[in-house]
Amino acid sequence: MTPNENPENAGPGPDPVRGPEAAQALDAMRLSVAPMMDWTDRHCRYLHRLLSRHALLYTEMVTTGALVHGDVPRHLRFNAEEHPLALQLGGSEPADLAHCAKLGEQWGYDEINLNCGCPSERVQRGAFGACLMNEPQLVADCVKAMVDASSVPVTVKHRIGIDKIESYEFVRDFVGQVSESGCDTFIVHARNAWLKGLSPKQNREIPPLRYALVHRLKHDFPALKFSINGGITLNAQVHEHLRLLDGVMVGREAYHNPWWLAEWDAEFFGAAPSESERTREEVETLMCDYMVREAAEHGTPWSNIARHMLGLRNGLPGARRWRQVWSDHRMKSKSPHEVMAIAHEPVAQAA
């Protein structure tokens, strides 16, 4: 029994035998949901998996220190339904990353991703994230250590440049050097990361998007796989990038407008429409069932889970009142299914 199937989740068992999800992981990179701190926890990913069966999901970044010195089950536990699933690691010590990659394999993840794109000062103080783009040889050493320690594919997520370095040669040389260490898949946020002067939020908005540089990477490294990230909010944009690249990663739009994911399987993975015919109400009911299960197994308050689905009814009549009910702290004593019934009273009136 693998850890994610073990209701006690006490720790890793023997190396897991992966099902068809693992074989589909590379195909799943065609469309993925970005790792987002404080957002893409296992509860958020459970919701996203109800909406898309095929998209690749990523964990929040987990630091090597949290796994080497902290509570491994708390950081690595996930629901078996979440496959295909990638673990994103933050760190810069090859030996620690190798240890954590091995843990990720033991826990059943389908991909291990190294964060070379986060610009926050806290991450910089740990000497990892976007600042690692200044040290491609160190990144190559980290990747090689991870590849040697695990049979799970190792990927790298990075920016197109840092600070005022805007030359294509900078990112080209970074990819070229890192790829020689055994990484053949790169997820590229098509903005520079400014290490000083901008907050993480500003770093997602102010540096200009330069998609052409990512397209050029694919042209220059045709044997490698590239997924593009940054500012993508529409199906038409996804289709346009997929003409030139291997994958598209969507961030904030997937979180704030989760119902978009319900279109993805038919639109981008060739699934029959019958595979994705759940209504919003059916998804909400399944989330209520999940909340009950989580409370029984782990003592998780339903409010910790409900916050991730507040965008589920965006644009529909009664959506504002529906969100208010699910966000109301006075409802916490009620069961999730009771809260859902109350939330839908104004929805029914609006309809």
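Nothing here was measured: the structure is a model prediction, and the numbers come from that model.

A. A look at the packing of aromatic side chains. As enumerated under the stated definition, the model contains 6 aromatic pairs in all. A centroid spacing of 4.0 Å and a plane angle of 10° characterise the contact between tyrosine 46 and tyrosine 290, whose relative ring orientation is stacked. Note that tyrosine 46 is positioned in helix α2 (residues 42-51) and tyrosine 290 in helix α14 (residues 280-298), a separation of 244 residues in sequence. No difference in accessibility class separates tyrosine 46 from tyrosine 290, as the two residues are buried. Look at tryptophan 260 and tryptophan 264: their rings are 5.4 Å apart centre to centre, the planes differ by 85°, and that puts the pair in the edge-to-face class. Of note, lysine 164 hangs over the ring of tryptophan 194, and the distance from its end group to the ring centre comes to 4.2 Å.

B. Examining the nonpolar core more closely. Formed by 102 residues in total, the largest nonpolar core has its most connected members in Trp264 and Trp326. With 6 residues, the single largest contributor to this core is helix α8 (residues 168-179). The residues touching tryptophan 326, leaving out its near neighbours within four places in the chain, are Glu284, Cys288, Met291, Trp302, Ala306, Met309, Leu310, Pro336, Val339, Met340 and Ala343.

C. Highlighting the packing of helix α5 (residues 94-107) against helix α7 (residues 136-149). At a minimum axis distance of 8 Å, the contact between α5 and α7 shows a crossing angle of 35°. For the element pair α5 and α7, the recorded crossing hand is right-handed. Every residue of α7 that contacts α5 at Pro94, Leu97, Ala98, Ala101, Lys102 and Glu105 is listed here: Leu138, Asp141, Cys142, Ala145, Met146 and Ala149. A class-by-class count of the residues in the contact of α5 with α7 yields 9 nonpolar, no polar and 3 charged.

D. Molecular detail of the state of the cysteines. All told, the structure shown has 0 disulfides when counted by the stated rule. Here cysteine 183 stays free of any disulfide, with the sulfur of cysteine 116 as its closest cysteine sulfur at 9.1 Å.

E. Region of interest: the pairing of strand β8 (residues 225-229). With 4 of 5 residues buried, β8 lies mostly within the body of the structure. Here strand β7 (residues 185-193) runs beside β8; their pairing, made up of 5 bridges, is parallel. When the bridges of β8 are listed, threonine 185 appears paired with lysine 225. Of the pairings in the sheet, the one linking β8 to strand β9 (residues 247-250) comprises 3 bridges and is parallel in character. By the bridge assignment, isoleucine 228 is partnered in β9 with valine 248.

F. Seen up close, the side chain of aspartate 265. Looking at the secondary structure, you find aspartate 265 in helix α13 (residues 261-268). As a buried residue without a salt bridge, aspartate 265 has its nearest oppositely charged side chain in arginine 53, at a separation of 5.3 Å. Polar contacts involving the side chain of aspartate 265 include one to the side chain of serine 52, which spans 2.7 Å. Residues in contact with aspartate 265, not counting those within four places in the same chain, are Ser52, Arg53, His54, Ala55, Gly270 and Ala271.

G. Representation of the pairing of strand β6 (residues 154-162) in the model. Across the 9 residues that make up β6, a large majority, 9, are buried. Relative to β6, strand β5 (residues 111-116) is paired through 5 bridges, and the arrangement is parallel. Within β6, the residue paired with asparagine 115 across the bridge is lysine 157. Here 6 bridges tie β6 to β7, and the two strands are oriented parallel to one another. Looking across to β7, one finds that isoleucine 162 is bridged to alanine 193.

H. Up close: unusual backbone geometry. Look at the link from histidine 83 to proline 84: it is a cis peptide, with omega at -5°. Here proline 84 shows up in the loop between α4 (72-76) and β4 (85-90). Positive phi, normally seen in glycine, also occurs at aspartate 38, with a value near 70°. Look at aspartate 38 and you get exposed, because its relative accessible area is 54%. A positive phi angle, near 50°, is found at aspartate 163, a position not held by glycine. On the basis of relative accessibility, which here comes to 30%, the residue aspartate 163 falls in the partly exposed class.

I. Fine view of the environment of arginine 159. On the secondary structure map, arginine 159 appears in strand β6. Through-space distance from the C-alpha of arginine 159 to that of methionine 133 is 8.1 Å; in sequence the pair is 26 residues apart. A polar side-chain atom of arginine 159 sits 3.3 Å from the main-chain carbonyl oxygen of glycine 117. At 3.0 Å, the side chain of arginine 159 and the backbone oxygen of asparagine 192 are in polar contact.

J. Main features of the pattern of salt bridges. Under the criterion given, the structure shown has 12 salt bridges. For arginine 293, the salt bridge identified is with glutamate 81, shortest N-O distance 3.6 Å. Here glutamate 81 lies in the loop between α4 and β4 and arginine 293 lies in helix α14, a separation of 212 residues in the sequence. Overall, the relative accessible area of 29% leaves arginine 293 in the partly exposed class. One salt bridge connects lysine 102 with glutamate 105, and the closest N-O pair in it is separated by 3.1 Å. Taken together, the residues lysine 102 and glutamate 105, both in helix α5 and 3 residues apart, mark about one turn of the helix. According to the relative accessible area criterion, lysine 102 is partly exposed, its value standing at 28%. Here glutamate 105 falls in the buried class, since its relative accessible area comes to 6%.

Parameters at a glance
- Residues numbered from 1 in each chain as written.
- Predicted model: local features only at pLDDT ≥ 70, side-chain atom pairs only at ≥ 80, totals over all residues.
- Heavy atoms only, no water.
- Phe/Tyr/Trp six-rings, centres within 6.5 Å; stacked < 30°, edge-to-face > 60°.
- Helix = DSSP H or I, 4+ residues; strand = E, 2+ residues; numbered from the N terminus.
- Buried < 20%, exposed > 50% of the residue type's maximum accessible area, 1.4 Å probe, protein only.
- Lys NZ or Arg CZ within 6 Å of the ring centre and 35° of its normal.
- Core = buried A, V, L, I, M, F, W, Y, C linked by side-chain atoms within 4.5 Å.
- Contact = heavy atoms within 4.5 Å.
- Axes fitted to C-alpha atoms, helices over the stretch in contact; angles between N-to-C directions.
- Left-handed = near helix turned anticlockwise from the far one by under 90°.
- Nonpolar A, V, L, I, M, F, W, Y, C, P; charged D, E, K, R; others polar.
- Disulfide = S-S within 2.5 Å.
- Pairing = 2+ DSSP bridges.
- Lys, Arg positive; Asp, Glu negative; His and termini not counted.
- Salt bridge = Lys/Arg side-chain N within 4 Å of Asp/Glu carboxyl O.
- Polar contact = N/O pair within 3.5 Å; in protein donor to acceptor, adjacent residues only side chain to side chain.

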